[in-house]
Amino acid sequence: QVQLAESGGGLVQAGGSLRLSCAASGRARSSYTMGWFRQAPGKERELVAAISSVGNTFYADSVKGRFTISRDNVKNTVYQQMDVLKPEDTAIYYCAAGIGVVPTTTRYIYWGQGTQVTVSS
């Protein structure tokens, strides 16, 4: 079993920045692909960024150029730097781990509890 714990969410004004962290414990392995998902009220959960075990990254078009995903395999921690935040970025952000080479089709089997990000206009 792998446990994922997100932190770093909060309230920020439009144009501001936040850095999310996801700490993995238990049977965490550096071979997992790690992803950040988000879910806003009334919307489906969507993949916003992912990073493979060798550092290949994926970003949803809506966040490309503003968000940066990274990982520290020694610390078993994944980060998401979020810059130029917009009100439409408001959502609960979830960290996830899975196996796959294509981030959009990876089977994400471990999930964190989420951290709230609220962006005010």
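Residues numbered from 1 in each chain as written. Predicted model: local features only at pLDDT ≥ 70, side-chain atom pairs only at ≥ 80, totals over all residues. Heavy atoms only, no water.

(A) Broad picture of the sheet that holds strand β1 (residues 2–7). Spatially, the four strands line up as an open sheet ordered β1-β3-β8-β7, and their pairing is antiparallel. Two strands bound the open sheet, and with one partner strand each, they are β1 and β7 (67–72). Direction aside, the axes of adjacent strands within the sheet are offset by 15° on average. (Pairing = 2+ DSSP bridges. Helix = DSSP H or I, 4+ residues; strand = E, 2+ residues; numbered from the N terminus. Axes fitted to C-alpha atoms, helices over the stretch in contact; angles between N-to-C directions.)

(B) The environment of Thr106, seen in detail. Tracing the backbone shows Thr106 in the loop between β9 (91–99) and β10 (107–111). By relative accessible area, which is 8% here, Thr106 ends up buried. In this structure, Thr106 is in contact with Thr33, Gly98, Ile99, Gly100 and Val101, ignoring residues within four places of it in sequence. (Buried < 20%, exposed > 50% of the residue type's maximum accessible area, 1.4 Å probe, protein only. Contact = heavy atoms within 4.5 Å.)

(C) Seen up close, the state of the cysteines. By the definition in use, this model includes one disulfide. The partner cysteine of Cys22 in its disulfide is Cys95, sulfur to sulfur 2.0 Å. Handedness of the Cys22-Cys95 disulfide follows from its S-S torsion of about -80°: it is left-handed. Here the residue Cys22 occupies a position in strand β3 (residues 18–26), and Cys95 occupies one in strand β9, the gap between them amounting to 73 residues. Both residues of the pair, Cys22 and Cys95, belong to the buried class. (Disulfide = S-S within 2.5 Å.)

(D) Just unusual backbone geometry, in detail. Backbone geometry places Asn76, a non-glycine residue, at a positive phi of 50°. Inspection of the secondary structure puts Asn76 in the loop between β7 and β8 (77–82). Not every positive phi belongs to a glycine, and Val84 is a case in point at roughly 50°. Position of Val84 among the secondary structure elements: in the loop between β8 and β9. Residue classification places Val84 among the partly exposed residues on the basis of a relative accessible area of 46%.

(E) Examining the side chain of Arg66 more closely. Tracing the sequence through the fold places Arg66 in the loop between β6 (57–59) and β7. On the basis of relative accessibility, which here comes to 9%, the residue Arg66 falls in the buried class. A polar atom in the side chain of Arg66 sits 2.8 Å from the backbone oxygen of Ser62. Leaving out residues up to four positions away in the same chain, Arg66 has contacts with Gln81, Met82, Asp83, Val84, Leu85, Lys86 and Asp89. (Polar contact = N/O pair within 3.5 Å; in protein donor to acceptor, adjacent residues only side chain to side chain.)

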